[in-house]
Protein chains: 2
Amino acid sequence: MSELNKLQKDFFNTLNQIQEEAVSIAFGNYKEGDDIEDLLYDVTYNTIYSIMELIDGYVKDSLELDIIDRKNKESLRTGIELHDTCASFVKYEK
Amino acid sequence: MSELNKLQKDFFNTLNQIQEEAVSIAFGNYKEGDDIEDLLYDVTYNTIYSIMELIDGYVKDSLELDIIDRKNKESLRTGIELHDTCASFVKYEK
């Protein structure tokens, strides 16, 4: 693996934090007998939502990112916030 | 919500597919008595890895994306593949 620059280190460390937090919250709320499928939707919803918040710039001050189309450089964020929009496409329960 | 363009629709529909697939695989492998924390790490690992693959361009042919720094337009993918690198920062078990 090539040496990571500061931006890359910040990004991947934040992905790590997002995973730890999502798992910790879901595990903390889990009670024996809870529906496992609902649990899996809930933890993946929170993970995806947090990654979209990260790209939108709401998770870490040092990271102001954008997702673009490689061909025409158009931003995927044009007219929308990724984290708001993703909430209509992913589920927090089955 | 503003009307989404084709790129945005493809992206969010693929996020939905990534979630459905990650949940389906994890739920299919789950057996009563399995460690819940390991299950949560596993499903979030697969979700994060798949989103990085999506941005790297390996999930959907119509989506060739990049993550850039908004300020200097530098690509986060410089010298690395996001999905390869993220595997060193997120865990598939506790």
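A brief look at the structure comes next. Not measured: the values here are computed from a predicted model.

### Section: the state of the cysteines
- Considering all chains together, one arrives at 0 disulfides over all chains under this definition.
- Just so you know, A:Cys86 is unpaired, no disulfide at all, and the nearest cysteine sulfur is the one on B:Cys86, 18 Å from it.
- Relative accessible area serves as the criterion here: at 0%, A:Cys86 is assigned to the buried category.

### So, the interface of chain A and chain B
- With 54 residues of chain A at the contact, the number on the chain B side is 54 residues.
- Both sides together, the interface formed by chain A and chain B hides about 5300 Å², and carbon and sulfur atoms give 68% of it.
- Of all residues in chain A, the largest losses of buried area upon contact with chain B belong to A:Phe12, A:Arg70 and A:Phe89, amounting jointly to 14% of the total for that side.
- For the pair chain A and chain B, the interface holds 26 residue pairs in polar contact (both at pLDDT 80 or more).
- Elements represented by at least two residues in the side of chain A that touches chain B include exactly α1 (6-29), α2 (36-56), β1 (65-69) and α3 (82-86) of chain A.
- The greatest single-element share of the side of chain A that touches chain B, amounting to 14 residues, is contributed by α2(A).

### Brief notes about the relation of the copies chain A and chain B
- Mapping chain A onto chain B is achieved by rotating through 180° and translating by 0.0 Å along the same axis, at an RMSD of 0.0 Å. Given the turn and translation reported, the copies of this chain are related as if by a two-fold rotation axis. Identified as the residue of chain A closest to the rotation axis by C-alpha distance is A:Ile67, at 2.2 Å.
- Most of the interface of chain A is mirrored in chain B, where 100% of its interface residues again form contacts.

### A few points about the pairing of β1(A)
- By the criterion of burial, β1(A) is predominantly enclosed, with 5 of the 5 residues buried.
- In β1(A), alternate side chains face the same way, and those of A:Leu65, A:Ile67 and A:Asp69 on one face and A:Asp66 and A:Ile68 on the other are all buried.
- Direction of pairing for β1(A) relative to strand β1 (residues 65-69) of chain B: antiparallel, over a ladder of 5 bridges. Residue pairing across strands places A:Asp66 opposite B:Ile68, the latter belonging to β1(B).

Calculation notes
Residues numbered from 1 in each chain as written. Chains lettered and ligands numbered in written order. Predicted model: local features only at pLDDT ≥ 70, side-chain atom pairs only at ≥ 80, totals over all residues. Heavy atoms only, no water. Disulfide = S-S within 2.5 Å. Buried < 20%, exposed > 50% of the residue type's maximum accessible area, 1.4 Å probe, protein only. Contact = heavy atoms within 4.5 Å. Buried area = accessible area lost by both parts, 1.4 Å probe. Polar contact = N/O pair within 3.5 Å; in protein donor to acceptor, adjacent residues only side chain to side chain. Helix = DSSP H or I, 4+ residues; strand = E, 2+ residues; numbered from the N terminus. Least-squares fit on C-alpha atoms with pLDDT ≥ 70 in both. Pairing = 2+ DSSP bridges.

By themselves these figures say nothing about function.
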